[in-house]
Amino acid sequence: MLEKPLYKIMLSHSFNIPVKVTYWDGKSEIYGNGTPEVEVIFNKKIPFKEITSNASLALGEAYMDKDLEIKGSIQKLIEAAYESSESFMRASKFRKFLPKQKHTEKQSQEDVQSHYDIGNNFYKLWLDPTMTYSCAYFTNGNKDDLEAAQIAKVHHILQKLDPKPGKTLLDIGCGWGTLMLTAAKEYGLKVTGVTLSQEQFDLVNQKIKDMGLENQAEVLLEDYRELGNRDFDYVTSVGMFEHVGSENLGEYFKDVAKYLKPHGVALIHGITRQQGGATNAWINKYIFPGGYIPGLVEIVSRIEEANLQIADMEMLRRHYQRTLEIWDKNFNDHLSEVEGMMGERFVRMWDMYLQACAASFESGNIDVIQYLLTKGPSGKNLPMTRQYMLNDK
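Every value quoted in this text rests on a predicted model; they were computed, and no experiment measured them. (Residues numbered from 1 in each chain as written. Predicted model: local features only at pLDDT ≥ 70, side-chain atom pairs only at ≥ 80, totals over all residues. Heavy atoms only, no water.)

**Quick word on the domain arrangement of the chain**
Interface size is commonly expressed as the accessible area that is lost once the parts come together.
Turning to step 1, where the next piece is worked out: Each domain of the chain was delimited in the assignment, giving domain 1 (3–94) and domain 2 (105–389).
Turning to step 2, where the next piece is worked out: A straight line from the C-alpha centre of domain 1 to that of domain 2 covers 33 Å.
Turning to step 3, where the next piece is worked out: Listed by partner, the interface residues are 19 residues for domain 1 and 21 residues for domain 2.
Turning to step 4, where the next piece is worked out: For the domain 1 face of the interface with domain 2, the top three residues by lost area are Met64, Gln75 and Tyr82, together amounting to 38%.
Turning to step 5, where the next piece is worked out: Inspection of the region where domain 1 meets domain 2 yields four salt bridges.
Turning to step 6, where the next piece is worked out: With a closest N to O distance of 3.3 Å, glutamate 69 and arginine 348 form a salt bridge.
Turning to step 7, where the next piece is worked out: The interface formed by domain 1 and domain 2 holds 11 residue pairs in polar contact (both at pLDDT 80 or more) in total.
Turning to step 8, where the next piece is worked out: Of all the secondary structure elements, the ones that give two or more residues to the side of domain 1 that touches domain 2 are α3 (55–64), β4 (68–71) and α4 (74–83). (Domains from an automatic or database assignment. Contact = heavy atoms within 4.5 Å. Buried area = accessible area lost by both parts, 1.4 Å probe. Salt bridge = Lys/Arg side-chain N within 4 Å of Asp/Glu carboxyl O. Polar contact = N/O pair within 3.5 Å; in protein donor to acceptor, adjacent residues only side chain to side chain. Helix = DSSP H or I, 4+ residues; strand = E, 2+ residues; numbered from the N terminus.)

**Observations concerning the sheet that holds strand β2 (residues 28–31)**
Backbone-to-backbone hydrogen bonds join strands into a sheet, with any given pair of strands oriented parallel or antiparallel.
Turning to step 1, where the next piece is worked out: Strand order in the open sheet formed by four strands is β2-β1-β3-β4, and the pairing between neighbours is mixed. Across the chains shown, the open sheet's two edge strands, defined by having one partner strand only, are β2 and β4. When the angles between neighbouring strand axes are averaged without regard to direction, this sheet yields 20 degrees.
Turning to step 2, where the next piece is worked out: As paired elements, strand β1 (residues 19–22) and strand β3 (residues 38–42) share four bridges and run parallel to each other. The residue bridging threonine 22 from the neighbouring strand is isoleucine 41, located in β3.
Turning to step 3, where the next piece is worked out: Across the sheet, α4 lies against β1, β3 and β4, angled at about 90 degrees from β3, the strand it touches most. (Pairing = 2+ DSSP bridges. Axes fitted to C-alpha atoms, helices over the stretch in contact; angles between N-to-C directions.)

Here you go:
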């Protein structure tokens, strides 16, 4: 009985929309003025000390186990919590426990495979046909379908490099290969992709053979840190530095610099927190082991330490929100198939993950930024204005 007043205090200032909360004793409260837009139902009392240890972990697990139900949009509820300045989602006292992380080469391989090797058949259900698992680029707002937006993103990245046929490109964390193979086929580059995912490696290898690009493209199943003394005219890396950890972020950018030829150009695309670096215990445990979202100041400092210079930065936060919303719709369109593969608990977990991330981007809790970097004076061999970047195919 003593815990319920604590819950009421915590929840009464946690949302910027009216929310109905039904407690484990069957009694309900409405927090905020107006008709509730979302209802939270506690089927079971969650010890308040678990909430104060780490709210995202305790509540995420409760939702996975059906101890907590949400009627209405999970995205709207979490976005409302991030938008409220007094919310438990923003208070440091509800994030006391932080996951311990290590990012050795062996641990990095295990972390990547635990997420990306769930199975290509799973990802094919809800990604677009290009199998691109990163922020899309919606040149026409909501008029673009996801496949068109992902293809536009690839061209947007490659055009920022101002690439010349016959030159070389390294794609660090190449995913299922769409960017590197587009660079080879449509821009005439000689490309090397690296991944730690066996499933991705196998599929990219097959694509190279199917497209007849054996003399122009290669994919390596190895840690990007083990490429030796090779150097390239261009480096791309999309959704990669979120996996290296705070302790390795400086080395990551130094490796980018090492693999670039003098005056080479890199486009680094990654999730960034403008408010400073952060981890999430629930996502770290169940979705992305070892994940760390670096802060903007932290990233810029590491870029400077690597003797790279920034030629351009572009924020794509709203694009990732839209991407995640489409992914979640696609995911929910295939719930029975996913449940047959993974089980109901996984379905609840993955649906919450996609909606929570969409809410985090929507609220500005996290951002995604493209960093155009040069090894040498900023943009020395690039056109004088940004106009060349905007001629999207």
